[in-house]
Amino acid sequence: MLRLRLWVTPLAALFLASCSLIYDFDRPLAPGLGTGGPVDGADGGLFDGLIPVLPADAGGRPIPQGGSTSQCAPLGQRRGNVIEITPEQVDSLPGLMEGAAPNTTIKLMPGDYVLDQGLLLNAEGLILRSATGNRDTVVIDGSAHAQVGSVLTISGSNITVADLTIINAHTHGILVRPPEMDGQGRTGPLIYNVRVADSRSSAIVVDSQGGSYMDNGTIGCSLIELGAQARGETVDGCLMGGIVIYRSLDWRIHDNLVRGIFCENEAALHGIHVTAQS
């Protein structure tokens with residue numbers, strides 16, 4: 001059984017996906033993408049933003065406008081429970097993430113967040129983003145420590161990670177995977193305006209566990225790169241890529257730049273690498 005439907009458009013060595021993007025009402029919306037009105041009521045009143053209204057083909061897929069790749073407007077803000085964290089509180093982040101109530105927004109104030117363990121995002125509708133909206137102002141550093149592993153592991157539905165930088169993961173910068181083999185489907189995350197640099201394995205990985213899947217996610221407006229030092233310290237040889245998706249359905253990948261994903265003496269995976277498995 002083939003489970004994969006994905007729309008991406010590679011361009012030589014730089015992989016820039018087409019502008020095929022459909023926002024879920026339970027996630028922050030990018031104001032100005034279309035001609036829609038305020039979201040009030042569409043999502044229970046949680047968000048301030050605009051609903052994108054995009055021309056679609058017969059299958060309902062949005063059609064890029066004039067070949068434009070400019071659909072990277074700032075995300076809207078969500079009303080509700082907001083927690084602000086400073087770099088001095090970095091040791092509290094793992095417990096805060098795992099204990100967060102559904103639909104909590106965690107805003108990281110500017111600075112460097114050096115981790116001694118990875119962060120698990122499992123609360124329904126959790127949002128992790130910088131307070132400024134500028135991804136260069138917040139850096140989450142995995143320090144390439146084995147005990148950190150993947151810097152962020154996303155296991156809940158409708159989670160958003162936006163407007164921040166992740167560096168030096170021992171394995172993956174972001175791992176999207178259900179928590180257990182319970183046979184339950186989950187809605188994949190929105191990963192938006194994120195920089196993932198120098199992961200010692202594939203930067204962003206989407207995978208399943210048994211009969212549990214992460215479908216209908218979005219990765220957009222992000223930068224993924226690998227430098228010379230990290231390239232020489234990879235943990236899986238050259239089995240690495242930029243965005244790697246296994247056994248997942250209906251992901252949208254758009255306006256991402258992937259660079260530096262190669263090895264000196266053997267072939268790496270692709271900048272955007274998608275497998276079709278059942």
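It should be emphasised that the depicted structure is a prediction, and the values quoted were computed from it without experimental measurement. Numbering of residues begins from 1 in every chain and follows the order in which that chain's sequence is written. In keeping with the model being predicted, local features are shown solely for residues with a pLDDT of at least 70 and side-chain atom pairs are shown and tallied solely at 80 or more, while totals for entire chains, interfaces and linings include all residues. To get the side-chain values, all heavy atoms of the structure are used, and hydrogens and water are removed first.

A. Main features of the overall build of the chain. The helix and strand tally for the chain stands at two helices and 24 strands. Here's how the labels work: a residue is buried when its accessible area is under 20% of the maximum for its type, exposed when over 50%, partly exposed in between, all with a 1.4 Å probe on protein chains only. Counting every position in the chain, which comprises 278 residues, the buried fraction comes to 52%. Intrachain contacts of the chain at a sequence separation of at least 6 include 74% that bridge at least 24 residues. Only the protein chains shown count as cover for residues, and all accessible areas are computed by the Shrake-Rupley method using a 1.4 Å probe. Of the roughly 11,500 Å² of accessible surface on the chain, 51% is carried by carbon and sulfur atoms. Secondary structure elements are taken from DSSP: a helix is a run of H or I of four residues or more, a strand is a run of E of two residues or more, and numbering for both begins at the N terminus. Every residue pair with non-hydrogen atoms within 4.5 Å of one another is taken to be in contact.

B. Looking closely at the nonpolar core. The biggest cluster of nonpolar side chains holds 48 residues, and the ones touching the most others in it are Leu-108, Leu-121, Leu-128, Leu-152, Leu-164 and Ile-174. Excluding its chain neighbours within four sequence positions, the residues that come into contact with Leu-128 are Met-97, Ile-106, Leu-108, Leu-121, Ile-140, Leu-152, Thr-160, Val-161, Ala-162 and Leu-164. To qualify as a nonpolar core, a set must consist of buried Ala, Val, Leu, Ile, Met, Phe, Trp, Tyr and Cys residues joined through side-chain atoms within 4.5 Å. Formed by five residues, the second largest nonpolar core is a distinct cluster that contains Leu-75, Leu-190, Tyr-192 and Cys-221.

C. Looking closely at the state of the cysteines. Disulfides are defined as cysteine sulfur pairs within 2.5 Å. Throughout the structure, instances matching the rule amount to one disulfide. Across the disulfide, Cys-72 is cross-linked to Cys-221 (sulfur-sulfur distance 2.0 Å). In this structure the cystine formed by Cys-72 and Cys-221 twists about its S-S bond by roughly -95 degrees; its chirality is therefore left-handed. With a gap of 149 residues between them, Cys-72 in the loop between strand 4 (47-48) and strand 5 (77-78) and Cys-221 in the loop between strand 19 (218-220) and strand 20 (223-225) connect regions that are remote in the sequence. Residue classification places Cys-221 among the buried residues on the basis of a relative accessible area of 7%.

D. Representation of the packing of aromatic side chains. The pairing test for Phe, Tyr and Trp rings, Trp by its six-membered ring, is centres within 6.5 Å, and the orientation test on the planes gives stacked under 30 degrees, edge-to-face over 60, and tilted for anything in between. Evaluated as defined, the whole model comprises zero aromatic pairs. Lying across the ring of Phe-262, Arg-231 places its NZ or CZ 3.8 Å from the centre. Criterion for a charge above a ring: Lys NZ or Arg CZ within 6 Å of the ring centre, and within 35 degrees of the ring normal.

E. Looking closely at the pairing of strand 7 (residues 105-108). Taking every second residue as pointing to the same face, both faces of strand 7 are buried, with Thr-105 and Lys-107 on one and Ile-106 and Leu-108 on the other. Only strands that DSSP links by at least two bridges are regarded as paired with each other. Examined bridge by bridge, strand 6 (residues 82-85) and strand 7 share four bridges and lie parallel to one another. Counted as the bridge partner of Val-82 is Thr-105 from strand 7. When the strands point away from the viewer, a crossover counts as right-handed if the path from the first strand over the helix to the second runs clockwise. Crossover connection from strand 6 via helix 1 (residues 93-98) to parallel strand 7: handedness right-handed. Note: strand 7 against strand 10 (residues 127-130), four bridges, orientation parallel. The residue bridging Lys-107 from the neighbouring strand is Arg-129, located in strand 10.

F. Expanded view of the environment of Ser-202. Locating Ser-202 in the fold gives a position in the loop between strand 16 (190-197) and strand 17 (204-206). The spacing of Ser-202 and His-170 is 32 residues in sequence and 10.0 Å in space, taken between C-alpha atoms. For Ser-202, the contacting residues outside a window of four places in its chain are Thr-171, His-172, Gly-173, Leu-239, Met-240, Gly-241, Gly-242, Val-244 and Leu-269. Reaching out from Ser-202, the side chain makes a polar contact with the backbone nitrogen of Gly-241 at a distance of 2.8 Å. Polar contact is the term for a pair of N or O atoms within 3.5 Å; when the atoms are in protein, one must be able to donate a hydrogen and the other to accept it, and sequence-neighboring residues count only if both atoms are side-chain atoms.

G. Just the pattern of salt bridges, in detail. Each reported salt bridge corresponds to a side-chain nitrogen of Lys or Arg within 4 Å of a carboxyl oxygen of Asp or Glu. Counted according to the given criterion, the structure contains five salt bridges. Salt-bridge contacts for Arg-195 lead to Glu-225; the nearest nitrogen and oxygen are separated by 2.6 Å. Linking Arg-195 in strand 16 with Glu-225 in strand 20, this pair joins segments that are 30 residues apart in sequence. Relative accessible area serves as the criterion here: at 25%, Arg-195 is assigned to the partly exposed category. Arg-247 is paired through a salt bridge with Asp-207; the nearest N and O atoms lie 2.5 Å apart. Residue Arg-247 is located in the loop between strand 21 (243-245) and strand 22 (251-254), and its partner Asp-207 is located in the loop between strand 17 and strand 18 (213-215); the two are separated by 40 residues in the primary sequence. Each of the salt bridges in this network shares a partner with another, and the network as a whole consists of Arg-195, Glu-225 and Arg-259.

H. Spotlight on the sheet that holds strand 21. Taken in spatial order, the six strands line up as 9-12-14-17-21-24 in an open sheet, and their pairing is parallel. The open sheet is flanked by strand 9 (119-121) and strand 24 (272-274), the only strands paired with a single partner. On average, each strand axis in the sheet is tilted by 10 degrees relative to the strand beside it, whichever way the strands run. Direction of pairing for strand 21 relative to strand 24: parallel, over a ladder of three bridges. Note on definitions: angles span 0 to 180 degrees between N-to-C directions of axes, and those axes are lines fitted to C-alpha atoms, for helices only across the stretch in contact.

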